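# Geometric and topological summary
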Amino acid sequence: MNMKRLIRNLSSRYLEAAAKLRPSNSRCRVIAYVESFDDIAFWRRILDEYEDDTRYFEVKLPSHTSLSKGKRTALSNILKSDQLGASLIACVDADYDWLLGDRNEASKLINHSPYVVHTYVYAIENFLCYAPSLHRAVVQATLNDRPVIDYEAFLTTYSEIIWPLFVWNVWCYQYDHYRTFSMSDLATFISLDKQVNIHHPEETLATVQRRVNQKVAWMQRHFPQGRKTYPQVRDHLLQLGITPATTYLFIQGHTLFENVIIPLLDPICIMLRKEREREIRSLACHATQRQNELSSYQHSQLPIETVLRKNTGFMSAPQMQWVRDRIAKLPSCTPTPAEA
């Protein structure tokens, strides 16, 4: 009899412990549709701050029946749903939709829907390349803390150089001339050389400056109507909080990541790794120690692309506060009968 009572007690404790390990059903679930697999990790980091006793978020791709991804798919779920706010939101890249106002259904949702949270910067890649976080990313990739260049100063100067052409690109999308000067066209003028001279990065910036100046002059000749409307677009961007010094955060994310940041950081990482390996070779007492230390160091390195994909240094960016303010305005929710 005592044994039966003991078994019942153990079973009861087991069930209680199991119940504690299950997700709480006392909070309402808010599904957050995102554009791609990479976005899941990004938005998870941010939405973590907004879970409380009343709600939790489940970040997922927008399609239940296929691998369909992207902004349009995420937003289409918002348009079709009758569970907005309390149960369903979309977290998407701003792209140019935020800059251009209410030009289409997607931009109207991004600018006005309380159930859509967007990045404000062009895409998540722009946040991953946030200038103050780049030195730490290089250290993680190389295990070498020696500063090589001032990344913030470099990207500030780079941004100020490309600002006039960026405004022209937004102008083209605003006035339906994007076929003449698309984002892809912009990328050809503002991308860095594949081999950046890290000892003289000013040479790379000078090359970009020449290309930008040439294209700006071309735009001025071919679109004389811009004399009146270009200043309007420029002033609108400034009013939104976009400045010449932060332009890099608002250009196309692929262009920034693949054609600016990686060409800049790759040669720096190569140099720092070689420097660390030379140090190991010079300090090793014998061949075995040298080989073991080199092998350990090489196995500890990470590709800079991988480090940037997992970068969280953007959380202190002023533009991230804009995102936080938007999330804070999400309608409150209460558990549905099925959840409670």
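Along each chain, the written sequence defines residue order, and numbers are assigned to residues from 1. Only residues with pLDDT of at least 70 get local features here, since the model is predicted, and only at 80 or more are side-chain atom pairs given and counted; chain-wide, interface and lining totals rely on the full set of residues. Derived side-chain values reflect all non-hydrogen atoms in the structure, with water molecules and hydrogen atoms excluded from consideration.

### Focus: the pattern of salt bridges
One side chain can pair with another of opposite charge once the charged atoms of both are near each other. Inclusion rule: Salt bridges are identified by distance alone: a Lys or Arg side-chain nitrogen within 4 Å of an Asp or Glu carboxyl oxygen. For the purposes of this entry, the term helix denotes a DSSP run of H or I that reaches at least four residues, the term strand denotes a run of E that reaches at least two, and both are numbered from the N terminus. Remark: exposure states derive from per-residue accessible area (1.4 Å probe, protein chains only) relative to the maximum for the residue type, with buried under 20%, exposed over 50%, and partly exposed in between.
Under the criterion given, the structure shown has ten salt bridges. Where Glu 58 meets Arg 29, a salt bridge forms, and the shortest distance between an N and an O atom there is 3.0 Å. A residue pair is termed long-range when its members are at least 10 positions apart, and Glu 58 in strand β2 (residues 55–60) and Arg 29 in strand β1 (residues 28–33) qualify at 29 residues. Exposure remark for Arg 29: the relative accessible area of 32% places this residue in the partly exposed category. A salt bridge links Arg 276 to Glu 279; the nearest nitrogen and oxygen atoms lie 2.6 Å apart.

### Remarks on the nonpolar core
Definition in use: To qualify as a nonpolar core, a set must consist of buried Ala, Val, Leu, Ile, Met, Phe, Trp, Tyr and Cys residues joined through side-chain atoms within 4.5 Å. Contacts are assigned to residue pairs with any non-hydrogen atoms lying within 4.5 Å of each other.
If you look at the biggest cluster of nonpolar residues, it comprises 98 residues, and the most contacted ones within it are Trp 43, Tyr 96, Tyr 158, Phe 166 and Ile 304. Sort the elements by how many residues they give to this core and helix α8 (residues 151–174) lands first, with 15 residues. Setting aside anything within four residues of it in sequence, one finds Trp 43 in contact with Val 34, Val 59, Cys 91, Val 92, Val 117, His 118, Thr 119, Ile 124 and Val 323.

### Focus on the environment of Gln 140
Mapping Gln 140 onto the fold places it in helix α7 (residues 134–142). The spacing of Gln 140 and Gln 301 is 161 residues in sequence and 7.7 Å in space, taken between C-alpha atoms. Once residues lying within four places of it in the same chain are set aside, the contact partners of Gln 140 are Leu 302 and Val 307.

### Observations concerning the confidence of the model for the chain
In plain terms, the rule: Every residue carries a pLDDT, the predictor's confidence in it, which falls somewhere between 0 and 100.
Per-residue confidence for the chain gives a mean pLDDT of 87, with 84% of residues at or over 70. In the model of the chain, helix α1 (residues 2–21) stands out as the element of lowest mean pLDDT, 52, in contrast to α8, which has the highest, 98.

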